[in-house]
Structures are given as C-alpha cells and as structure tokens.
Amino acid sequence: MTSFGNDWDTVLKEEFLLPYYQKLRLFLDDEYEKYTIYPKKEDVFTAFKLTSFKNTRVVVIGQDPYHNENQAHGLAFSVFEGVRIPPSLKNIFIELEKDLGIKKKDSGDLSNWAKQGILLLNVILTVRSGEANSHKGCGWEEFTDSVIKKINLKDEMVIFVLWGNDAKRKECLIDNPKHRILKAAHPSPLSAYRGFFGCKHFSKINNLLESEGYNRIIF
C-alpha cells in the first residue's frame, strides 16, 4: 500500500483499492522493469508527501513529468537541485520576477513552494525516458481527477492554477463556489507569449490567500 505519511493516506485509501488503480500498479511494475521511467519509484508521490490534504491552499496542475535524466522528482514543473532549469520553469521564473520582483537563483527545486501549501500536481505522474506523454491513458488521469474532486469538496478556499489546455480541461471538476480558478497559457516557449507572461498569477495567489486570512506564499 502506498503511504504518504500524512492525511492523504486516509483521503485516498479507497482509491488504491479500485480496479483501475490495481491495473495501473501492474502496468507500472512492468514499465519500471523493462524501461527507464521517471521519476524514480520513491519520488512518484513527492507532491502528496510534501503537501498534505489539509494544508493544500493552491493546486498548480501540470501535464506529465520531465522525461530527461535527473529532472523529474514528483513535483510539477520542478527539477532537482543542481539540474539545469528547463524552458517552462525558466519562463515561470521570468513571470515571477516581473510580477513580484523576485529573482530566482540557479535552483529549479520547488519543494519550498510545496511545503507552503502548493500542490504541484501533474495530471500524469510517470513517463518513459525521452518519450513525453508515454503514460497517457494508462490510468493516472483517473487518479488525478479523483484527487482534484476530493480537493474540490474542501470547505475552505483553494486556488486552482490552470496553465495550458491540458490543465484547463480540469476546470469542469471544480464547481465549489468557495474555490478560485486562475487560468493562463502554458509557460512553455511555444505559448508563454500568448497569455502566460503578464498573467500576474503569483501576486493574485497571495492576494487571494491574504483575503481569506492565510499566510502569503514565499516564492
């Protein structure tokens, strides 16, 4: 049984017993045995381990993990300390500096964001080396849809950040009037200039959190 070491263990307990998830586990066992899969098995659920259900204040939805060596570690858009910052994350940092005046250094590790209540959730949690979207349609989408639905039931405000079309497709799962949704283009070089740059989502997140009496995120 997967263990997160926090309240997600209870929230998702029944999910792990469902037939689709049992099928997904068998698929992943086979994939990890035959191919190089990212992230490592022990890092697949990093987002849940660092951001408990209770402490989730913001959900940033990504697509699937980085598929190059030593990049993915279970947090959407994040890379390990010391790894070269990928283009999408570089654009996120550019917008962060324009919005809040915060200039990031060389680290692309977003663990500190996660520890402050930002669930950095990819729609698909694993990928074959060098093959983007290779685990699409294998069961992860059903799992992460269920995660979003459970967060949607929370009584306190959660901010859902949807960057790009894949993330925006999840908007239909968020119908609780307590929550807030921020939408923009994906931060990838192909689309960042079509609505990501200038979205000011970082200041909007902090303003919304402050309005509900929560601590601002230290980005």
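Residues numbered from 1 in each chain as written. Predicted model: local features only at pLDDT ≥ 70, side-chain atom pairs only at ≥ 80, totals over all residues. Heavy atoms only, no water.

Colleague: I tried to follow the pattern of salt bridges on my own but got confused; where do I start?
Modeller: When charged atoms on two side chains of opposite charge get close, those side chains can pair. Following the criterion strictly, the structure yields 10 salt bridges and no others. Ionic pairing is found between Glu-31 and Arg-128, a salt bridge with its closest N-O pair at 2.7 Å. Pair noted here: Glu-31 is in helix H2 (residues 19–34) and Arg-128 is in strand S4 (residues 127–128), with a separation of 97 residues, a long-range link. In this structure, Glu-131 and Arg-128 form a salt bridge, with 3.9 Å as the shortest nitrogen-oxygen distance. One continuous salt-bridge network, built from bridges that share partners, spans Glu-31, Arg-128 and Glu-131. (Salt bridge = Lys/Arg side-chain N within 4 Å of Asp/Glu carboxyl O. Helix = DSSP H or I, 4+ residues; strand = E, 2+ residues; numbered from the N terminus.)

Colleague: Help me understand the sheet that holds strand S6 (residues 180–184) in this model?
Modeller: Strand pairing in a sheet relies on backbone hydrogen bonds, with the paired strands running either antiparallel or parallel. Taken in spatial order, the four strands line up as S3-S2-S5-S6 in an open sheet, and their pairing is parallel. A strand with exactly one partner marks an edge of an open sheet, and here the two such strands are strand S3 (118–122) and S6. In this sheet, neighbouring strand axes are inclined to one another by 20° on average, regardless of whether the strands run parallel or antiparallel. Alignment of strand S5 (residues 159–163) against S6, held across five bridges, turns out to be parallel. Looking at the pairing, Ile-159 lines up with Arg-180 of S6. The strands that helix H6 (residues 140–152) touches are strand S2 (58–62), S3 and S5; relative to S3, the one it contacts most, it runs at about 155°. (Pairing = 2+ DSSP bridges. Axes fitted to C-alpha atoms, helices over the stretch in contact; angles between N-to-C directions. Contact = heavy atoms within 4.5 Å.)

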